[in-house]
Amino acid sequence: MPALLSVENLVVHFPTAEGLARAVDGVSLAIEAGEAVGLVGESGCGKSVTALAILRLLPATALVQGRVVFAGRDLSAMKETELRRVRGRDISMIFQEPMTSLNPVFPVGEQIAEVFRLHLGLARRAARAAAVEALARVGFEHPRDGARAYPNQLSGGMRQRVMIAMAMAAGPKLLIADEPTTALDVTIQAQVLALLAAQRAASGCAVLLITHDLGVVAETCERVIVLYAGRVAEVAPVRVLFDRPRHPYTQGLLRAVKRLDEGGVEAAIPGRVDPATHYPPGCRFAPRCPHVMDRCRVEHPPLFLADGTQAACWLYVE
Ligand SMILES: Nc1ncnc2c1ncn2[C@@H]1O[C@H](COP(=O)(O)OP(=O)(O)OP(=O)(O)O)[C@@H](O)[C@H]1O
Ligand SMILES: [Mg+2]
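I will try to describe carefully the structure that is included in this document. All values derive from a computational prediction rather than experimental measurement.

The helix and strand tally for the protein chain stands at ten helices and twelve strands. What you see for the protein chain is a C-alpha radius of gyration of 20 Å, in line with the 20 Å of a compact globule of 318 residues. If one aligns the C-alpha atoms of the protein chain with their principal axes, the spans along those axes are about 65 × 50 × 45 Å. Of all 318 residues assigned to the protein chain, the portion counted as buried reaches 42%.

On to the sheet that holds strand β8 (residues 206-210), then. Strand order in the open sheet formed by eight strands is β6-β7-β8-β3-β9-β10-β12-β11, and the pairing between neighbours is mixed. Both edges of this open sheet fall to β6 (91-94) and β11 (304-306), since each of them pairs with a single strand only. Going from strand to strand, the sheet's axes swing by 20° on average, the running direction of each strand aside. Bridge count between strand β9 (residues 223-228) and strand β10 (residues 231-237): six bridges; the pairing is antiparallel. Counterpart to V226 in the pairing with β10 is E234.

Looking now at the pairing of strand β4 (residues 63-70). Bridge count between strand β1 (residues 5-16) and β4: seven bridges; the pairing is antiparallel. From the neighbouring strand, V11 faces β4, where its bridge partner is Q65. Between β4 and strand β5 (residues 73-74), which follow one another and run antiparallel, lie two residues, and A71 among them has a positive phi close to 45°.

By size, the foremost hydrophobic cluster in this structure holds 95 residues, and its most contacted members are A165 and L174. Considering each element in turn, this core owes the most residues, eight residues, to helix α6 (residues 156-168). When sequence neighbours within four positions are dropped, the list of residues in contact with L174 reads L4, L5, I31, D90, I91, C205, A206 and L208.

A sheet is described by the order of its strands in space; here four strands give the open sequence β2-β1-β4-β5, paired in antiparallel fashion. Of all the strands in the sheet, just β2 (19-31) and β5 have a single pairing partner and so form its edges.

Moving on, we come to the site of ligand 1. Lining the immediate surroundings of ligand 1 are 15 residues, of which F14, A23, S43, S48 and V49 lie closest. Secondary structure elements with two or more residues in the shell around ligand 1: β1, β2 and α1 (47-54). In terms of residue count, α1 provides more of the shell around ligand 1 than any other element does, three residues in total. Looking at side-chain class alone, the shell around ligand 1 contains seven nonpolar, seven polar and one charged residues.

Reading the values: rules and limits
- Residues numbered from 1 in each chain as written.
- Chains lettered and ligands numbered in written order.
- Predicted model: local features only at pLDDT ≥ 70, side-chain atom pairs only at ≥ 80, totals over all residues.
- Helix = DSSP H or I, 4+ residues; strand = E, 2+ residues; numbered from the N terminus.
- Rg over C-alpha atoms; globule rule 2.2 N^0.38 Å.
- Buried ≥ 20, exposed ≤ 12 C-beta atoms within 10 Å, placed from the backbone.
- Pairing = 2+ DSSP bridges.
- Axes fitted to C-alpha atoms, helices over the stretch in contact; angles between N-to-C directions.
- Core = buried A, V, L, I, M, F, W, Y, C linked by C-beta atoms within 7 Å.
- Contact = placed C-beta atoms within 7 Å.
- Near = placed C-beta within 6 Å.
- Nonpolar A, V, L, I, M, F, W, Y, C, P; charged D, E, K, R; others polar.

Laid out in structure tokens, this is it:
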């Protein structure tokens, strides 16, 4: 069976005053139906740009190459009108800051009802009733009152629940969640993640969860894709990645998490990601890598099979 979503050799560059920003550079990934996949990496490594490219929501300045195939259909070649039906119905997206996707001048119930009308063809009344039910499913104790609330009358956590209700309304096959909980405090974060997991279990939809929090990935995902500087560094089942990370970058990320768990200060990986306009030739992690070899500075490593994971690192060349 072909994957539900496959991204093939995605390249996204942005011309900027400082030169060409190589935000995403040859990223390939696949998500199976019903699978939960985490997309992780430090700030600026291309997570959001990858997600936006999948739904073709990038600004017009972006230079995009590669193919995105969803359920056998090539999204990269699809007409905008057709794509609009895919967005929100087959693939839905949740962003970090719900206020960017909620309209401040309409009650949230109406905004959810709109999804039922637009994508499922429900009549006005039925759509409104469906919105109230959707709010009950995401934990609104008084969903009828909730439906009448305006976004600014709700807390951040409740707004994110509205976003989840909206994203799940049309019964998508894939939900892309870009840092859905980073703006929330820790207890609310856990509640929202639990809600996401429950919605996924009930609907069977696949999830692409974007986060820089490996703890969140461990709890909610089956597989992890680690991005570094616009490229895939490692792909592995969650357990394998946590037990035997292969890429030195993944190893660094995990060390940082461990120190935090032990009560220490976060041990960030020394150095920082270069700006996307100035990525080095060869392996982009080479300047920060404790295992760097001559070859790493000139030749970009492809993904090698390494002990149950795939790592883009010359340490694992056959
Ligand atoms: N419209 C744009 N024009 C120019 N450069 C951009 C644009 N959008 C993103 N970039 C650059 O592309 C790179 C990847 O950005 P992206 O937003 O995907 O990072 P991210 O992994 O989502 O980071 P974060 O964890 O901070 O959200 C960054 O270097 C960013 O500066
Ligand atoms: Mg981002």
